[in-house]
Amino acid sequence: MGRSATRGGAAIVIAASLLAATYDEGVRWPRGARIPVWIEGLNVPADEREMVRRALRTWEGAAGGAFRFDEVQPFPATGIRVRFVNDDENFGETMPYLDTRTREIVKADVVLNRDIAGDALHRQMVVYLTALHEIGHALGLGHTDEWGCIMYKFRRSTDPPRVFVGYRKLLRSEADIGSERASGLAAADRRALHRLYAP
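Remember, predicted model here, so these are calculated numbers, not experimental data.

Enquirer: How do you make sense of the overall build of the protein when you look at a structure like this?
Expert: Of regular secondary structure, the protein possesses 5 helices and 7 strands. Start at the N end of the protein and walk to the C end: the helices and strands fall as β-β-α-β-α-β-β-β-β-α-α-α. Taking all 199 residues of the protein together, the buried fraction comes to 50%. Put simply, the protein shows about 9600 Å² of open surface, and 50% of that area lies on carbon and sulfur atoms.

Enquirer: Looking at this structure, I do not really get helix α2 (residues 46-63). What am I missing?
Expert: One turn of an α-helix holds 3.6 residues; hence residues three or four places apart share an orientation. A rise of 1.5 Å per residue sets the reference length of α2, with its 18 residues, at 26 Å; its end C-alpha atoms lie 26 Å apart and thus fit the reference within 8%. Among the residues of α2, Asp47, Glu48, Arg49, Met51, Val52, Arg54, Ala55, Leu56, Thr58, Trp59, Ala62 and Ala63 are the ones counted as buried. The inward-facing, buried residues of α2 contact β3 (33-39), β4 (67-71), β5 (79-85), β7 (104-113), α3 (120-139) and α5 (187-196). One or two steps after α2, the chain reaches Gly64, where phi turns positive at roughly 60°.

Enquirer: I tried to follow the confidence of the model for the protein on my own but got confused; where do I start?
Expert: Interpretation of the predicted coordinates at a detailed level should be avoided for regions scoring low in pLDDT. Mean pLDDT over the protein: 89, with 87% of residues reaching 70 or higher. Across residues 1-10, where pLDDT falls below 50, the model places 19 contacts with residues more than four positions away in sequence or in other chains. Below pLDDT 50 for its whole length, residues 16-24 participates in 30 contacts with residues either more than four positions away or in separate chains.

Enquirer: Explain the environment of Leu56 here, please?
Expert: Its place among the elements puts Leu56 in helix α2. In this structure Leu56 comes out as buried when scored by relative accessible area, which is 8%. In the structure, Leu56 is positioned 80 residues away from Gly136 in sequence and 9.4 Å away in space, judged by C-alpha atoms. If we skip the residues at most four places from it in the chain, Leu56 touches Val37, Ile39, Phe69 and Ile135.

Enquirer: When you look at the pairing of β3 in this model, what are you seeing that I'm missing?
Expert: Within a regular strand, the side chains alternate between the two sheet faces. With 6 of its 7 residues buried, β3 lies for the most part within the structure. Two strands pair when backbone bridges link them, and β3 and β4 are joined in this way by 5 bridges, in the parallel orientation. Residue pairing in the sheet places Pro36 in a bridge with Asp70 of β4. Between β3 and its parallel partner β4, the chain crosses via α2, and the hand of that crossover is right-handed. The sheet contact formed by β3 and β5 spans 3 bridges and is parallel. Looking at the pairing, Ile39 lines up with Val82 of β5.

Enquirer: Is there a simple way to think about the packing of aromatic side chains in this case?
Expert: Each aromatic ring pair is described using two quantities: the centre-to-centre distance and the angle formed by the ring planes. Per the counting criterion, the structure on display carries 8 aromatic pairs. Ring centres of Phe91 and Phe164 lie 5.4 Å apart, and the angle between their planes is 75°; on these two criteria the pair is classed as edge-to-face. With Phe91 in the loop between β5 and β6 (92-99) and Phe164 in helix α4 (residues 159-168), this pair connects stretches of sequence that are 73 residues apart. The exposure class of Phe91 is partly exposed, given its relative accessible area of 32%. Here a set of aromatic residues connected by ring pairs shows up, and it is made of Phe91, Trp147, Tyr152, Phe154 and Phe164. Above the plane of the ring of Tyr97 lies Lys107, whose end atom (NZ or CZ) is 4.8 Å from the centre. Looking at Arg162, its charged tip hangs above the ring of Trp147, at a distance of 4.0 Å from the centre.

Enquirer: In this structure, what is going on with the pairing of β6? I would like to understand it.
Expert: Extensive coverage of β6 is indicated by the burial of 6 of its 8 residues. Both β6 and β7 contribute to a ladder of 8 bridges, which runs antiparallel. Paired with Met95 across the two strands is Asp109, which belongs to β7. The turn linking β6 back onto β7 is made up of 4 residues, and Arg103 within it adopts a positive phi angle of 60°.

Parameters and conventions
- Residues numbered from 1 in each chain as written.
- Predicted model: local features only at pLDDT ≥ 70, side-chain atom pairs only at ≥ 80, totals over all residues.
- Heavy atoms only, no water.
- Helix = DSSP H or I, 4+ residues; strand = E, 2+ residues; numbered from the N terminus.
- Buried < 20%, exposed > 50% of the residue type's maximum accessible area, 1.4 Å probe, protein only.
- Areas by Shrake-Rupley, 256 points an atom, 1.4 Å probe, with all protein chains shown as cover.
- Expected span 1.5 Å × (residues − 1).
- Contact = heavy atoms within 4.5 Å.
- pLDDT = per-residue confidence, 0-100.
- Pairing = 2+ DSSP bridges.
- Right-handed = clockwise from strand over helix to strand, strands pointing away.
- Phe/Tyr/Trp six-rings, centres within 6.5 Å; stacked < 30°, edge-to-face > 60°.
- Lys NZ or Arg CZ within 6 Å of the ring centre and 35° of its normal.

Right, here's the structure in full:
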């Protein structure tokens with residue numbers, strides 16, 4: 001585990017080990033939660049924020065009512081907070097925080113890389129897929145070794161291009177990003193989410 005702090009008598013711990021786990025470790029938001037979501041807007045193009053919203057809708061749709069997302073302003077004390085950075089090393093990163101008494105997630109900071117080369121469609125789909133992956137972590141899902149899953153952990157330098165080329169083949173236009181034909185979720189991603197949020 002990582003650093004910890006206290007909130008109302010409950011220890012809050014940074015769930016660094018969650019990201020190294022395979023799929024779930026049993027930590028999640030409370031079932032039925034309405035999760036506040038803040039998406040950075042300052043100097044962030046509208047289409048990039050829209051890709052994050054589509055990723056949120058994809059996970060919410062896959063959850064079957066287990067949780068809901070509520071986009072909020074201003075910056076919330078709890079919930080999922082999404083920021084954009086320029087990063088040469090990573091597509092994105094997530095840091096969930098847990099209440100150690102309940103083992104429930106209380107907030108998660110998501111950082112997405114906005115420094116993406118390529119045409120507009122490529123940039124949008126990379127932001128969408130990265131947001132989809134990182135929001136999966138923010139919901140409590142760890143990595144998997146199963147190729148084709150959004151929660152797959154990139155292991156080789158050839159993995160990202162293979163994922164992006166494969167996804168782009170599903171798209172007729174920007175409107176298809178996050179649609180039913182190109183949700184980005186595999187059946188195993190959905191099963192893992194349902195196991196994690198089962199009553």
